[in-house]
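The residues making up each chain are set out below.
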Amino acid sequence: MQMKHTLVALATVSAVLGGIAGTSVPAMAEDKFIKVDGSSTVFPITEAVAEEFQKAQKGTKVTVGVSGTGGGFKKFCRGETDISDASRPISKKEMDACKEAGIKYVELPVAFDALTVVVNPKNDWITSMTVEDLKKMWEPAAQGKVMKWSDVNPKWPDHKIGLFGPGADSGTFDYFTDAINGKEKASRGDFTASEDDNVLVQGVSRDKYAIGYFGLAYYEENKGKLKAVTIINKGATKAVEPSLETVMAGTYLPLARPIFIYVSDKSMAKPEVKEFINFYLKNAPKLVKEVGYVPLSPAHYELALKNFNGKKLGTGFGGKNEVGVRVEELLKREAHL
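Let me sum up the structure you'll find in this document.

Scoring rules and cut-offs
- Residues numbered from 1 in each chain as written.
- Predicted model: local features only at pLDDT ≥ 70, side-chain atom pairs only at ≥ 80, totals over all residues.
- Heavy atoms only, no water.
- Helix = DSSP H or I, 4+ residues; strand = E, 2+ residues; numbered from the N terminus.
- Buried < 20%, exposed > 50% of the residue type's maximum accessible area, 1.4 Å probe, protein only.
- Contact = heavy atoms within 4.5 Å.
- Areas by Shrake-Rupley, 256 points an atom, 1.4 Å probe, with all protein chains shown as cover.
- Lys, Arg positive; Asp, Glu negative; His and termini not counted.
- Charge placed at Lys NZ, Arg CZ, Asp CG, Glu CD.
- Pairing = 2+ DSSP bridges.
- Disulfide = S-S within 2.5 Å.

### A short note on the overall build of the protein
Piece 1. Along the backbone of the protein there are 14 helices and 14 strands.
Piece 2. Along the three orthogonal principal directions, the C-alpha set of the protein runs to about 100 × 45 × 35 Å.
Piece 3. Counting the 337 residues in the protein, one finds 52% classified as buried.
Piece 4. For the protein, long-range pairs separated by at least 24 residues make up 75% of all intrachain contacts whose partners lie at least 6 apart in sequence.
Piece 5. As displayed, the protein offers around 15,900 Å² of accessible surface, 55% of which is attributable to carbon and sulfur atoms.
Piece 6. For the protein, the distance from the average position of its 45 positive side-chain charges to the average position of its 42 negative side-chain charges is 1 Å.

### Quick notes on the sheet that holds strand E9 (residues 162-165)
Piece 1. Read from one edge to the other, the open sheet built from five strands follows the order E10-E9-E11-E7-E12, with strand pairing classed as mixed. Each edge of the open sheet carries a strand with a single partner, namely strand E10 (192-193) and strand E12 (227-228).
Piece 2. Alignment of strand E7 (residues 116-119) against strand E11 (residues 210-214), held across four bridges, turns out to be antiparallel. When the sheet's bridge partners are listed, Val119 is paired in E11 with Ile211.

### Description of the state of the cysteines
Piece 1. According to the stated counting rule, one finds one disulfide in the structure shown.
Piece 2. Note on cysteine connectivity: Cys77 is disulfide-linked to Cys98, with sulfurs 2.1 Å apart. Residues Cys77 and Cys98 share a disulfide whose torsion about the S-S bond is about -75 degrees; that sign makes it left-handed. Note that Cys77 is positioned in the loop between helix H3 (68-76) and strand E5 (83-86) and Cys98 in helix H4 (residues 92-101), a separation of 21 residues in sequence.
Piece 3. Under the relative-accessibility criterion, Cys98 is labelled buried at 0%.

Written out as structure tokens, the structure is:
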């Protein structure tokens, strides 16, 4: 009898907890999580999208990390993240790592960036630099030899250059070295390196003789304490500033580039990831501009959405970066895993 009374009591408690004033209380829905990591350049865009998405989708949490493009791909190819932010295309080594782990992906360009060379506002000898000047300053042969501004140009101060740049795990480092020095990762090593662009901003803003480079959004955010250098491309005579207008016009060369997100095919099966990417590409034109980057055209975003929803797996690059690639052509290319 004791057992029977106990069961009745438990049933009564359960009924009380399950219904208040004749209404039933639904089970608490568990939060869904989307994990993103990678490029510090793409971070401001993904963070802005994540904030807006989480307002619209209360039960979904989006975490956005900053390991650099290379660090992000390491996690992505181990299956630790759903989405990888990248300021350059996936490399052959990373493609192989993903293949080995059974990770397939869709490659989606989300914006244009104008990789921006910056100096301190007190710098009164630089308004523009040629690609050749930058190469002389940053190439591997410059290490231990090109130490003063006057070593680059005798008209410039006989004072040590403070060099600040992204670390080796950064896609910005890969793109800059390819565009300026002619080979990815070919760079002098005696500079202050960081995957955190805010560290580079602080370094240049505190040293009159410093120079650095990073994505346009970090310059736009810190215009008051930095000066952007206009760039004269090889064979050109006109110096061009990094801006939305010059990137759209195709005149900011060779440092304009598309930036990307990569989405794991396994994660695409999750409804919340599918919703997030559709939200990302539909809201990108407005949010990309807000954080200081250059949006793609509406046709580009439509094509990217079509590639995502059609599960077009792989990369249009085949493991190698390309300076001056056209986004429309890239989105139509055959993709390779």
